[in-house]
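# Summary of structural features
Residue-level listing of the chains:
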Amino acid sequence: MAKKLSQSAYNGCFGEDYVPYVNGKNKKGGNPAVLVAGAILAIIFAASTAYSDMKAGLTVAAGIPGAIIGSGFISVFARSKGILGKNILQGMSSGGESIASGMIYVLPAIILIGGRVNFLTGILIGALAVLFGIGATSLVQNYLLVQEHGKLVYPESMAISEALVVSEGGGDSLKFMGLGFGIGGIITILTTQVFGWVNSMITYVGSSFYRWKMSTEVNPMLAGIGFVVGLEVALTMFAGSFLSNFAITPLISYFTQMADGGSHAWNDAALAVSQMNVDEVAGAYVKYIGAGMMLCGGIIGAAKLIPVIVTSVKQTLNARGDSSGERNTLGIAGLLIACIVIFFAGFMFSGNIVIAIVGGLLSLILSLLFVIVSARLAGTIGCSNTPISGMTIAALVIMTLVFVLMGWSDTKHSEILLLFGVFIVTAIAVGGAYAQTQKVNYIIGGSSNEMMKYFMIAAMIGVVTVVGTMVILEPQLAVTGSNPPFGLPQANLIATLTSGIMSGNLPWIMIIVGVVIALVCWMLGLPIMTVAIGFYLPISTTSIILTGALIKLLLDKTTKNKALKEKRIQSGVSLSSGLIAGGSIIGLIGIILHVTGVLSDHQPTGFAGSNIMGIILLAVMVVTIVLPLYNIKQKDVDQKTEK
């Protein structure tokens, strides 16, 4: 029989009475080999998450794939460390990934408003956010993880813990992840992201009286994300794109055709309104409706969190010390360093002591509140579903209004504001990921202080990786239009809102319409941010995410045996993790090769560049994903159960 956690890991006992999976005096899982392997995983997941987030506005938590890949590392390089070593590696994977999951929302916005990302500045802000996020979470760690054991479920932590325990008996997960990596990597190599031999964009445009656009990008990384997030999220997101491309864009295009020759787009005096095509209408008007939807969604999400904030602050003040006997010296020291240095950093960036004090205080207060909320939400809905963008938008709107009231409203002040925003969003992301990681550590039975050290190292590595990626890809990130290399939905929203509030130059009618649509979604009980991100992103992105979700639905509906269905879905998640890793890592390498001039840009022509070629590539991708999963038979499940 496969190994599994005891029921007391979920509930049925007080946290102080829980007996961890590894119940011995030696709780150490680290050594030099584990550190090197963890550093590699931190780089991989930081880079791949940054890439996928910039491309699609979506991230996938690294804990489970980190645990799976970590199992392979440990079995080869550090067998004696066993599950405790694997535990450290999943923590380091999450540490690197958490930086990208936060920093990527705000840091590119500096580029979008015309600024530059300074490598050393980015590292300093990111490092301070890491220290603050870990330190603030460590203050309530014992309360959230031990005293609330069984009440706060930490669903993703339990999934990671189960994956670690199952890995003790071996399994096919690593094999399917490797297969997915190969499929994702090969398809990505064939497309314009690397060599550009075949077309990966299927596009149809209606340019008559009813103007619409339907496109799909054959992207294995996005298909893998769709499989992981499932049909509900993928379909809701696609619904936003469908509304944008088949209702709002045709409606606005209908009226633009009636405009006289002297009317021009609000943001481009050289562009006549009557001559605008579908892409130009979407870029100049429709995307601002999406911005209004996301703004409203962020504010509503923040309002819903007010009771959680109040409860979390009260429980923080009442929380007892760590009963494990491990002193939290490193966490408190990191917190104090971050609280002091943020003011010096603010003065260094602005040269204004008042800006440094006001910006620093606002950043610390807002970060503390939302870090606690993030750590608590990880216990209820998991890090992958934590509304980091909503909390960040709420925090930045507050800071922007304060900056405007103080008279700090030029481009330089916008850059300074966004640097404080990088600190806030990174701290929020780190806080949730750290709490989730330490819950796994508590369930498995590792050392809390050791995990803190390794997580902190991985997060610092993630900071260098993400900031370095931003610097390298800066020319690509600055490209805008209907189908830019990177969608950057959250960064675009933040850049639009902060710049627009400061300058007063926004198409407010479009934004108000977006707010109204969001309110309608709220009245109907729909997830506003999911619909809004779909509305904002190109339909080429959301349609391939939906394709991945439909593959999962196909497996679910056509496999009748429950055990076989679970095995196929579980293997599909592993394969999808490989698709995400392969597509994002190879895609990132391809972009770097193009940016550095090693590879020249190449667009396929003739049949290779046609929609038919794109459809063939899509069919090949779907078949190569589905066939290995259907190849899992009932006898494979029976044999596994007997073992």
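Our structure is the block above this text.
The model shown is predicted, which means the values in this text are computed figures rather than measured ones.

Reading guide: rules and limits
Residues numbered from 1 in each chain as written. Predicted model: local features only at pLDDT ≥ 70, side-chain atom pairs only at ≥ 80, totals over all residues. Heavy atoms only, no water. Helix = DSSP H or I, 4+ residues; strand = E, 2+ residues; numbered from the N terminus. Buried < 20%, exposed > 50% of the residue type's maximum accessible area, 1.4 Å probe, protein only. Contact = heavy atoms within 4.5 Å. Salt bridge = Lys/Arg side-chain N within 4 Å of Asp/Glu carboxyl O. Phe/Tyr/Trp six-rings, centres within 6.5 Å; stacked < 30°, edge-to-face > 60°. Core = buried A, V, L, I, M, F, W, Y, C linked by side-chain atoms within 4.5 Å.

Mapped onto the elements of the fold, threonine 496 is located in helix α16 (residues 489–503). Residue threonine 496 is classed as buried on the basis of its relative accessible area of 12%. Distance from threonine 496 to isoleucine 113, taken between C-alpha atoms, is 8.2 Å for residues 383 residues apart in sequence. For threonine 496, the residues in contact, after removing those within four places along its chain, are Tyr288 and Leu506.

Further remarks concern the pattern of salt bridges. Taken as a whole and judged by the stated rule, the model has four salt bridges. Put simply, lysine 213 and aspartate 279 hold a salt bridge, and the shortest N to O gap is 3.0 Å. On the criterion of sequence distance, the pair formed by lysine 213 in strand β2 (residues 211–217) and aspartate 279 in helix α8 (residues 278–304) is long-range, its members being 66 residues apart. Here lysine 213 falls in the buried class, since its relative accessible area comes to 9%.

Taken as a whole, this structure holds nine aromatic pairs when the rule is applied. Between tryptophan 212 and phenylalanine 246 the ring centres are 5.7 Å apart and the planes differ by 20°, which places this aromatic pair in the stacked class. With tryptophan 212 in strand β2 and phenylalanine 246 in helix α7 (residues 220–256), this pair connects stretches of sequence that are 34 residues apart. Aromatic side chains phenylalanine 242 and phenylalanine 246 sit 4.9 Å apart centroid to centroid with 25° between the ring planes, which places their arrangement in the stacked category. Here phenylalanine 242 pairs with phenylalanine 246, and both are found in helix α7, just four residues apart, close to one helical turn. Taken together, the aromatic side chains of Trp212, Phe238, Phe242 and Phe246 make up a single cluster linked through ring pairs.

Let's shift gears to the nonpolar core. Membership of the largest hydrophobic core comes to 163 residues, with the highest contact counts inside it found for Phe132 and Phe423. The greatest single-element share of this core, amounting to 18 residues, is contributed by helix α13 (residues 411–444). When neighbours within four sequence positions are excluded, phenylalanine 423 is seen to be in contact with Ile125, Leu128, Ala129, Phe132, Ile342, Ser363, Leu364 and Ser367. In this structure, Ala42, Ile74, Leu89 and Met92 belong to the second largest nonpolar core, which totals twelve residues.

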